[in-house]
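Topology and contacts: notes
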Amino acid sequence: MEKTIEDPPTSAVLLDHCHFSQVIFNSVEKFYIPGGDVTCRYTFTQNFIPRQKDWIGIFRVGWKTVREYYTFMWVTLPIDLNNKSAKQQEVQFKAYYLPKDDEYYQFCYVDQDGVVRGASIPFQFRPENEEDILVVTTQGEVEEIEQHNKELCKENQELKDSCVSLQKQNSDMQAELQKKQEELETLQSINKKLELKVKEQKDYWETELLQLKEQNQKMSSENEKMGIRVDQLQAQLSTQEKEMEKLVQGDQDKTEQLEHLKKENGHLFLSLTEQRKDQKKLEQTVEEMKQNETTAMKKQQELMDENFDLSRRLSEKKMIYNVLQREKERLEGENDLLKRENSRLLSYMGLDFNSLPYQVPTSDEGGAGQNPGLVYGNPYSALHQEMPYLQSR
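This one's a predicted model, so the numbers in the text were calculated from it and none came from an experiment. (Residues numbered from 1 in each chain as written. Predicted model: local features only at pLDDT ≥ 70, side-chain atom pairs only at ≥ 80, totals over all residues. Heavy atoms only, no water.)

Here the focus is the overall build of the chain. Per the secondary structure count, the chain includes three helices and eleven strands. Buried positions account for 28% of the 393 residues belonging to the chain. In the chain, of all internal contacts separated by at least 6 residues, the share reaching a separation of at least 24 is 76%. Of the roughly 27,000 Å² of accessible surface on the chain, 51% is carried by carbon and sulfur atoms. (Helix = DSSP H or I, 4+ residues; strand = E, 2+ residues; numbered from the N terminus. Buried < 20%, exposed > 50% of the residue type's maximum accessible area, 1.4 Å probe, protein only. Contact = heavy atoms within 4.5 Å. Areas by Shrake-Rupley, 256 points an atom, 1.4 Å probe, with all protein chains shown as cover.)

Spelled out as structure tokens, the structure:
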């Protein structure tokens, strides 16, 4: 037995001391269908005044004291008791707290002193049986049903036309999707080629740069050696000049040797000048290599930017493709759901599909043996609720 957090006020008052006529319960059914909420309607009599802790409980028939309630709801006090509408009140019992057996129960109004002020007729919680309902159909209702059937056929035709339009849209989307897929494959191919080209260009520039660095190191080494050789020649020249002065002063026969040494000295100066020119050329070559390296780095950066742009475009195309694919799946799911709804409505109306004025083409897209169905909701799905019926009590 389910209870709320706060228990209602009860007492051990016996039935003989209760006043069952001060609160009257209205529109109490003989039975209520399990699984649904139950609305309890009641009316205050003229001399009865409700209070803050009054409550309405559901009791199993045969109860002795108000402590034997199954579940209860607090009473809402009306703002103005003198108003006629305030006399009519109601509370709603949620299905979760209602009994699950088929015993007889009744509503009881209990005041805050634990005294019963009103009780309803007994009722049960059980499903509705076919013998409890007697359906009476008049000629006018038959004509109304036929008119509804005609309207349903007309609506079915409109839904059929809408289905054809949706199929055309689906075909257009398929074509667009195929086009996007081909464009995506083209972009992927271009991207792979560019990546391969960038890799080859990068390897080429790295190899050439390594060769230039090795050549530069080799030239620097030779330049150092030539500098050492020049210093040695200059030292040797200085020594020879001193010896030549001594030879001029001491021996005239050494004149030819002196001239020869002068010529050799001139050749050495000439060689030194040429080496300096070669050194300048090497420095210019190194500068050009640096400029080529800078150009290669710029070219590599441009290729990387182009590759990044292509990757971004490829991602955008993939996103468009995924959106189109999800939209297609949603439309197919919606179409299948509407078809099943149409089939359910036809079955519920008791109509034979082959007896309709026209035939709705079947579709194998939802699986073999699937019945055709309306594509959208049927506004006449509640037709059976409008037919009069009598409940056997």
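Back to the text.
Judged by nonpolar contacts, the single largest core of 20 residues is most densely connected at Phe25, Tyr42, Ile56, Phe93, Phe107 and Tyr109. At the level of secondary structure, the elements contributing two or more residues to this core comprise strand S1 (23-26), strand S3 (38-44), strand S4 (55-60), strand S6 (88-93) and strand S7 (105-110). The element that contributes the greatest number of residues to this core is S3, accounting for four residues. (Core = buried A, V, L, I, M, F, W, Y, C linked by side-chain atoms within 4.5 Å.)

This part takes up a positive patch on the surface. On the surface, Arg276, Lys277, Lys280 and Lys281 cluster together into a positively charged patch. Of note, Lys277 is situated in helix H2 (residues 255-348). For Lys277, a relative accessible area of 52% gives the class exposed. (Patch = residues over 30% accessible without salt bridge, like charges linked within 9 Å, V, L, I, M, F, W, Y side chains within 5 Å. Salt bridge = Lys/Arg side-chain N within 4 Å of Asp/Glu carboxyl O. Lys, Arg positive; Asp, Glu negative; His and termini not counted. Charge placed at Lys NZ, Arg CZ, Asp CG, Glu CD.)

A full pass over the atoms with the stated rule returns 22 aromatic pairs. Seen from their ring centres, Phe123 and Phe125 are 5.6 Å apart, and the 80 degrees between their planes marks the pair as edge-to-face. In textbook terms, an aromatic cluster arises when at least three aromatic residues are bridged by ring pairs, as seen for Phe25, Tyr32, Tyr42, Phe44, Phe48, Tyr70, Phe93, Tyr105, Phe107, Tyr109, Phe123 and Phe125. Over the ring of Trp74 we find Lys53; its NZ or CZ atom is 5.2 Å from the centre of that ring. (Phe/Tyr/Trp six-rings, centres within 6.5 Å; stacked < 30°, edge-to-face > 60°. Lys NZ or Arg CZ within 6 Å of the ring centre and 35° of its normal.)

With respect to the helices, strands and loops of the structure, Glu90 is situated in strand S6. Exposure remark for Glu90: the relative accessible area of 47% places this residue in the partly exposed category. Here the alpha-carbon distance between Glu90 and Phe25, two residues 65 residues apart in the chain, equals 9.4 Å. Residues contacting Glu90, with those up to four places away along its chain left out, are Thr39, Cys40, Arg41 and Tyr42. A distance of 3.5 Å separates a polar atom in the side chain of Glu90 from a polar atom in the side chain of Arg41. (Polar contact = N/O pair within 3.5 Å; in protein donor to acceptor, adjacent residues only side chain to side chain.)

The next subject is the pattern of salt bridges. A full pass over the atoms with the stated rule returns 15 salt bridges. Residue Asp111 is joined to Arg51 by a salt bridge in which the shortest nitrogen-to-oxygen separation is 3.7 Å. One end of the pair, Asp111, is in the loop between S7 and strand S8 (116-119); the other, Arg51, is in the loop between S3 and S4, and 60 residues separate them in sequence. With a closest N to O distance of 2.6 Å, Arg312 and Asp309 form a salt bridge. With Arg312 and Asp309 both in helix H2 and three residues apart, the pair spans about one turn of that helix. Among the residues examined, Arg312 registers a relative accessible area of 39% and is labelled partly exposed. The class for Asp309 is partly exposed, based on a relative accessible area of 30%. Three or more residues joined by partner-sharing salt bridges are found here, namely Arg51, Asp111, Asp113 and Arg117.

An order of S5-S4-S7-S8 is seen for the four strands of this open sheet, with the pairing classed as antiparallel. Since the sheet does not close on itself, it has two edges, and those belong to strand S5 (69-74) and S8, each with one partner. Averaged over all pairs of adjacent strands, the angle between their axes in this sheet comes to 25 degrees, without regard to strand direction. Of the strand pairs in this sheet, S4 and S7 are connected by six bridges, and their pairing is antiparallel. Counterpart to Phe59 in the pairing with S7 is Gln106. (Pairing = 2+ DSSP bridges. Axes fitted to C-alpha atoms, helices over the stretch in contact; angles between N-to-C directions.)

This part covers H2. Here H2 is 94 residues long and its end C-alpha atoms lie 138 Å apart, about the 140 Å a rise of 1.5 Å per residue gives. Looking one or two residues past H2, Gly350 carries a phi angle of roughly 75 degrees, positive in sign. (Expected span 1.5 Å × (residues − 1).)

Buried residues dominate S4, accounting for five of its six residues. The pairing of S4 with S5 spans five bridges and is classified as antiparallel. Following the sheet pairing, Ile58 is matched in S5 by Thr71.

Another aspect to go through is the sheet that holds S3. Strands sit in the order S1-S3-S6 across an open sheet of three strands; the sheet is antiparallel. Across the chains shown, the open sheet's two edge strands, defined by having one partner strand only, are S1 and S6. For this sheet the average axis-to-axis angle between neighbouring strands, irrespective of direction, equals 30 degrees. Where S3 lies against S6, six bridges are found, and the strand directions are antiparallel.

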